[in-house]
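Residue-level structural notes
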Amino acid sequence: MTTDSDVPRRPGKIVALHLNYPSRAAQRGRTPTHPSYFLKPPTSVAASGDALERPKGTELLGFEGEIALIIGKRTRRVSPENGWAHVSGVTAANDFGVYDLRYADRGSNLRAKGGDGFTPLGPSVLPARELDPEALRVRTWVNGELAQEDTTAGLLFGFGRLVADLSQLMTLEPGDVILTGTPAGASVVRPGDIVEVEVDGNGHTTGRLVTPIVDGTVPFGQYGALPRVDGRQRAEAYGTPAFELTEDLKRRLTSVGTATLSAQLRKRGYNDVSVDGLVSTTPGARLVGRARTLRYLPYREDLFRAHGGGYNAQKRAFDSLDSGDVLVMEARGEHGTGTVGDILALRAKVRGAAGIVTDGGVRDVDAVTALGIPTYHSGAHPAVLGRRHVPWEVDVSIACGGAAVQPGDVVVGDADGVLVIPPPLVEEVVDAAIEQELQETFIAEQVAAGERVEGLYPMNEEWKARYAAWLTRR
């Protein structure tokens, strides 16, 4: 094992591989036929023990424990068989990134993964000549709990092939670093967490590369891309399969009432998923969509001067809505001013949004009603936004009408109110709700025909048998 001084602190270039471990490819739902790469700036390198800031205003700081190759000599147009001979050492790496900024540089990952400290390396380097590149192991811990573990035995692209492939077009220089991909298990960390990565093999170990996560204090300026999260980015960041609200699923959700959905959620222990105290501009209309969120702070003169004017968070939220989105706004139940008016409601409609939900007030309520876009609110009020609110954050976890709402949650509304359903529960809950309403239709028919409710509601075994026969005749 070599010493800490051999860990590159300012490599000429850092080349990172997108996918290499079959476990990660399966998680992503795609297996590449050829390696693909992106660059990280040398200034992203950090040492073991260095704290990493989660940028202020971001939510999804992802970790990816990896094996880093360090190039030992000038390399140009080598063969895959000879590629490993050009590697001088191996160390542990963590390919950090903020999913909140992936949209800003799609493909390049410059802002998402290029921040200062986003590539910790170390703490020591293993000599390549003493290693079998197909017998290395990488492990990652978060707060002492093992999160990732895999070996290089079954990589999609061997290390020699990576060196050869890159050297076809560019000269690799001594000290250059190649990040070789991460296995399944990569997820999200928060301020206060500690992430550790270790690489070992052939009796050698790098030791643990330690990165404490701290909260950033400097917000992004309005002159560049701002953090933004949607359901897909959240799913990819946490390593969970992406949820899709299909047209068929929307149809099934609109076929049942929120009262029935609420009963099924309650059976599963979810008692606080209703957005309370709101009325709808279109009581007869159904609302189904994915949540996008907007948070307001209480009015304060200096904060409103800094954040309330121009292209503020409220306007950015409405401009970024996509087809089927529901904009959910946290206004702390303060209805003494408007949180949306006719112009922004029109913008939401033009963008194809499914609806608007706010626990604050609505201005121009007659005009908003005439637009026909379902808008749930706590009351009409003529005052402008700045009377009580500062538009603050977009696409963060919020509280609205007593319910926690995350971007990507499924929002369902009708004349009874609004429910928030976590995506992993939607299929199970809607199927059970459809079955419940079928049973209630049968029960209502029997009551209308003069039957007693005793033994019928809920059904005993005799009535269950009659219900089964009734289903066959439908």
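Below is a summary of the structure that appears in this document. (Residues numbered from 1 in each chain as written. Predicted model: local features only at pLDDT ≥ 70, side-chain atom pairs only at ≥ 80, totals over all residues. Heavy atoms only, no water.)

**A short note on the overall build of the chain**
A tally of regular secondary structure across the chain gives 13 helices and 27 strands. Principal-axis analysis of the C-alpha atoms gives the chain an extent of 85 × 65 × 35 Å. Evaluated residue by residue, the chain yields a buried proportion of 52% over its 474 residues. When contacts within the chain are restricted to residue pairs at least 6 apart in sequence, long-range pairs at least 24 apart make up 78% of them. On the chain, roughly 20,700 Å² of surface is accessible, and the fraction owed to carbon and sulfur atoms is 51%. When the 52 basic and 60 acidic side-chain charges of the chain are each reduced to a single mean position, those positions are 4 Å apart. (Helix = DSSP H or I, 4+ residues; strand = E, 2+ residues; numbered from the N terminus. Buried < 20%, exposed > 50% of the residue type's maximum accessible area, 1.4 Å probe, protein only. Contact = heavy atoms within 4.5 Å. Areas by Shrake-Rupley, 256 points an atom, 1.4 Å probe, with all protein chains shown as cover. Lys, Arg positive; Asp, Glu negative; His and termini not counted. Charge placed at Lys NZ, Arg CZ, Asp CG, Glu CD.)

**Some points on the packing of aromatic side chains**
Taken as a whole and judged by the stated rule, the model has six aromatic pairs. An angle of 55° between the planes, with centres 5.3 Å apart, marks the rings of Phe-442 and Trp-470 as tilted. In this pair, Phe-442 is assigned in helix α12 (residues 426–448) and Trp-470 in helix α13 (residues 461–472), connecting sequence segments 28 residues apart. The exposure classification of Phe-442 matches that of Trp-470, with both residues buried. The interplanar angle of 25° and the centroid separation of 5.8 Å between the aromatic rings of Tyr-467 and Trp-470 together place this pair among those described as stacked. On the criterion of helical spacing, the pair formed by Tyr-467 and Trp-470 is a turn pair, its members being three residues apart in helix α13. Trp-470 shares its class with Tyr-467; the two are buried. Chaining the aromatic ring pairs together yields one cluster made of Phe-442, Trp-463, Tyr-467 and Trp-470. (Phe/Tyr/Trp six-rings, centres within 6.5 Å; stacked < 30°, edge-to-face > 60°.)

**Re the packing of helix α7 (residues 258–267) against α12**
α12 packs onto α7 with a crossing angle of 120° between their chain directions and a minimal axis gap of 9 Å. Looking at the two axes, α7 sits oblique to α12. Crossing handedness for the pair α7 and α12: right-handed. Touching Thr-260, Leu-261, Ala-263, Gln-264 and Leu-265 of α7 are Val-429, Val-430, Ala-432, Ala-433, Gln-436 and Glu-437, all from α12. For the contact of α7 with α12, the class distribution of residues is seven nonpolar, three polar and one charged. (Axes fitted to C-alpha atoms, helices over the stretch in contact; angles between N-to-C directions. Parallel < 35°, antiparallel > 145°, perpendicular 65-115°, else oblique. Left-handed = near helix turned anticlockwise from the far one by under 90°. Nonpolar A, V, L, I, M, F, W, Y, C, P; charged D, E, K, R; others polar.)

**Description of the sheet that holds strand β8 (residues 97–98)**
Backbone-to-backbone hydrogen bonds pair the strands of a sheet. The strands run either parallel or antiparallel. Here we have three strands laid out as an open sheet, ordered β8-β5-β13, and antiparallel in their pairing. Where the open sheet ends on each side, the last strands, each with one partner, are β8 and β13 (188–189). Pairing of strand β5 (residues 61–62) with β13 involves two bridges; the strand directions are antiparallel. Its bridge partner being in β13, Gly-62 is matched across the sheet by Val-188. (Pairing = 2+ DSSP bridges.)

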